[in-house]
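Examination of the molecular architecture
Here is what each chain is made of, one letter per residue.
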Amino acid sequence: MILFERVGKRYGGRFDALANLDFRVQRGEMVFLTGHSGAGKSSLLRLIMLLERPTRGRVLVAGHDIGRLHPSQVPFYRRQIGVVFQDHQLLHDRSIYHNVALPLEIRGADPRDVARRVRAALDKVGLLHREKALPIELSGGEQQRVGIARAVVNKPSLLLADEPTGNLDPQLSADIMALFEDFNRIGTTVMIASHDLALIARLRHRVLRLREGRLIGDEDAA
Amino acid sequence: MSRKAVASPRGARAQSTRSSSRFHAWLRHHRSMLGDSARRLLRAPVGTLLTMLAIAIALVLPAALWLALDSARLLDAELEESATLTVYLEQHIDEAQAGRIDEALAAHAGVARTRLITAAEGMAEFQQALGLADALGRLEDNPLPASIVVVPDDPAPDAVRRLADSLGGVNGVDEVRLDLAWLERLRHLAELGSRLALALAVLFGLGVLLVVGNTIRLAVESRRQEIEVVMLIGATHAFVRRPFLYSGAWYGLGGGLLAWGLLTLGSQWLAMPVTALAASYGATFSLPQLGPSGSAILLVCSTLLGLLGAWIAVSRHLAGIRPR
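Calculation rules
Residues numbered from 1 in each chain as written. Chains lettered and ligands numbered in written order. Predicted model: local features only at pLDDT ≥ 70, side-chain atom pairs only at ≥ 80, totals over all residues. Helix = DSSP H or I, 4+ residues; strand = E, 2+ residues; numbered from the N terminus. Rg over C-alpha atoms; globule rule 2.2 N^0.38 Å. Buried ≥ 20, exposed ≤ 12 C-beta atoms within 10 Å, placed from the backbone. Contact = placed C-beta atoms within 7 Å. Pairing = 2+ DSSP bridges. Axes fitted to C-alpha atoms, helices over the stretch in contact; angles between N-to-C directions. Left-handed = near helix turned anticlockwise from the far one by under 90°. Nonpolar A, V, L, I, M, F, W, Y, C, P; charged D, E, K, R; others polar. Domains from an automatic or database assignment. Expected span 1.5 Å × (residues − 1). Bend = angle between axes of the 7 residues up to and from the residue. Core = buried A, V, L, I, M, F, W, Y, C linked by C-beta atoms within 7 Å.

For the rest of this paragraph, the subject is the overall build of chain A. Counting its secondary structure elements, chain A contains seven helices and 10 strands. At 17 Å, chain A has a C-alpha radius of gyration in line with the 17 Å of a compact globule built from 222 residues. By its C-alpha atoms, chain A is 45 × 40 × 30 Å across when sized along the principal axes. For chain A, the proportion of its 222 residues judged to be buried stands at 48%. Within chain A, residue pairs in contact and separated by at least 24 positions form 68% of the contacts whose partners lie at least 6 positions apart.

Each helix and strand in chain B was counted, giving 11 helices and four strands. In chain B, buried positions account for 27% of the 324 residues. Considering only intrachain contacts with a sequence separation of at least 6, the fraction spanning at least 24 residues in chain B is 82%.

Right, let's get into the pairing of strand E1 (residues 2–11) of chain A. Looking along a regular strand, one sees side chains alternate from face to face of the sheet. Residue and element names in this part refer to chain A. Bridge analysis of E1 against strand E4 (residues 56–61) gives five bridges, and the strand direction is antiparallel. Paired with Glu5 across the strands is Arg58, a residue of E4. Direction of pairing for E1 relative to strand E2 (residues 15–25): antiparallel, over a ladder of seven bridges. Residue Lys9 lies in a different strand from E2, and its bridge partner there is Leu18. In textbook terms, the turn of a hairpin is the stretch between consecutive antiparallel strands, and for E1 and E2 this stretch comprises three residues, one of which, Gly12, has a positive phi near 65 degrees.

A word on the packing of helix H10 (residues 237–280) of chain B against helix H11 (residues 291–320) of chain B. Residues and elements named next belong to chain B. Running from N to C, H10 and H11 cross one another at 145 degrees; their axes reach a closest spacing of 7 Å. In terms of crossing hand, the pair formed by H10 and H11 is right-handed. Of the residues that constitute the contact of H10 with H11, the class distribution is 18 nonpolar, 11 polar and one charged.

Another aspect to go through is the domain arrangement of chain B. Taken domain by domain, chain B holds domain 1 (29–78 + 185–320) and domain 2 (84–178). A separation of 53 Å is found between the C-alpha centroids of domain 1 of chain B and domain 2 of chain B.

Quick look at the pairing of strand E1 (residues 85–89) of chain B now. All names here are of chain B. In E1, alternate side chains face the same way, and those of Leu85, Val87 and Leu89 are buried while those of Thr86 and Tyr88 on the opposite face are not. Bridging between E1 and strand E3 (residues 147–152) involves four bridges; their strand directions are antiparallel. Looking across to E3, one finds that Leu85 is bridged to Val150. Sheet analysis places E1 next to strand E4 (residues 173–178), joined by five bridges and oriented antiparallel. The residue of E4 that forms the bridge with Thr86 is Arg177.

This next bit is on H10(B). The terminal C-alpha atoms of H10(B) lie 63 Å apart, and with 44 residues this matches the ideal 64 Å at 1.5 Å per residue to within 8%. Of all the bends in H10(B), the greatest, near 40 degrees, is centred on Ala271(B), and the proline Pro273(B) appears no more than four residues after it.

Relative to the 44 Å expected for 30 residues at 1.5 Å per residue, H11(B) spans 44 Å between its end C-alpha atoms, a close match to the ideal helical length. The complete set of buried residues in H11(B) reads Leu298(B), Ser302(B), Thr303(B), Leu305(B), Gly306(B), Leu307(B), Gly309(B), Ala310(B), Ala313(B) and Val314(B).

We now examine the sheet that holds E2(A). Residues and elements named next belong to chain A. Within the open sheet, the four strands sit side by side as E2-E1-E4-E5. Their pairing is antiparallel. Of all the strands in the sheet, just E2 and strand E5 (64–65) have a single pairing partner and so form its edges. Strands in contact with helix H1 (residues 41–48) are E1, E2 and E4; relative to E1, the strand with the most contacts, it is inclined by about 115 degrees.

With that settled, consider unusual backbone geometry. Residues and elements named next belong to chain A. Although it is not a glycine, Gln89 sits at a positive phi angle of roughly 55 degrees. For Gln89, the position within the fold is in the loop between strand E6 (81–84) and helix H3 (96–107). For Glu163, which is not glycine, the phi dihedral falls at a positive 45 degrees. Tracing the chain through its elements places Glu163 in the loop between strand E7 (158–162) and helix H6 (170–185). A count of 20 C-beta atoms within 10 Å places Glu163 in the buried class.

Let us now look at the nonpolar core. Counting 76 residues, the largest nonpolar core has Leu33(A), Val100(A), Ala149(A), Leu160(A) and Val230(B) as its most contacted members. Take this core: its biggest share by element is seven residues, from H3(A). When sequence neighbours within four positions are dropped, the list of residues in contact with Ala149(A) reads Val100(A), Ala121(A), Leu122(A), Lys124(A), Val125(A) and Leu127(A). In this structure, Val60(B), Leu245(B), Leu258(B) and Trp260(B) belong to the second largest nonpolar core, which totals 33 residues.

Next up, the structure:
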């Protein structure tokens, strides 16, 4: 699903955020990406989301060299990936329902379809009863679940998450991870950047370790 | 790696439904943005009104000047029709001789018609016009010569001037007077005015672009987070641009309507004194109105200007917004 070939990312001609990355993630895998802050976790995800382009090497997603996508194709590429952000990135002037519906509206989905799929996604994260609420009325954990619902409402084949449990207590974090495992179980490839080592260790999935932009460990699920 | 390409633009296209339903989705988004942008403007009615008023004022000035020129052109055409030469006969010519000269001039090439004003008639007209019957009545001799008013075939200034030269050579003619100078002056003024109006229209059109552009720039800035988020989840530039373009068009249309209102109000405000003034000169003259086609042009131009201003502002700013 994801293939990095000798990928490097250098900022400002000096600082190597990522260097010589080689790894492959199979379709349907669940992978954790870990390392200290500044190790390059976010940079790696940004490369996959095409928020950045690598300065060296190739990134292939689903067999396609995404570095060769024309800028006008990038939006269509991004629609195929669900992304969960640490700071949720919800729109505060509209309800939970409309936040989750946003990816479908961008795609121009049929309105009847939208309602059905938004409710299904909200139901999955246990927030169907809050669909009319504004993001500000929700707790941090609930907002993160709305972010997840928005990421999966398109039924992406690849789900990326950048520190999705960053500000949550251990129980909520475990709940969120369980949600990701649910999506992985139905075939979604999931890649989660996190520095919550204790939680990652308990979950027993493949772990990619980064340090100073280099891959220093690739441990398969125990 | 699986060869089944799902996470690719080609996959996206295959996955997305047929083109007719895509067209419907596009239309739906346009409709919803049309309404959404209007609602956003109405949510801040004072700010919206002020922006529209600024646009309206920028439009009113060139439009009013244009209308004024239009009426000047009408006036000019009327004057051209009445472009005449006055042929003054020599003092010693009597009425019979004057009649013969009149006939000769009437037969002259390039002359449409003539009217003889004998010395006595001239005196009577003069007295009436000036209300000096008593003072003039005391004069022993009539100091006025007989004159002939000549209406030329061709009212163009050059042709009239040539005709005047040839009429000046006719026996018994003392002097040919043409009142072309002030006509030409008027025409130069009209030309000056129309260039001024064009320059003003360009300047104020630019002003409208700036007003709309600046307003839209602020709107883009205030919705920056939203723009970043929708771009992160796959919105195209066109999708992001759309609501702002509609806002710009609304601003333009609103400004155009206000300008139309101001022009209508202004012409009514001026109609009474203008009619009275014209009546005092024995003329009927009414201020020109925009009319249906003029109104349509005003509204279409203002809407397009709004759209263009928004387009420039959004395009400039979207280039600077990249999702984090």
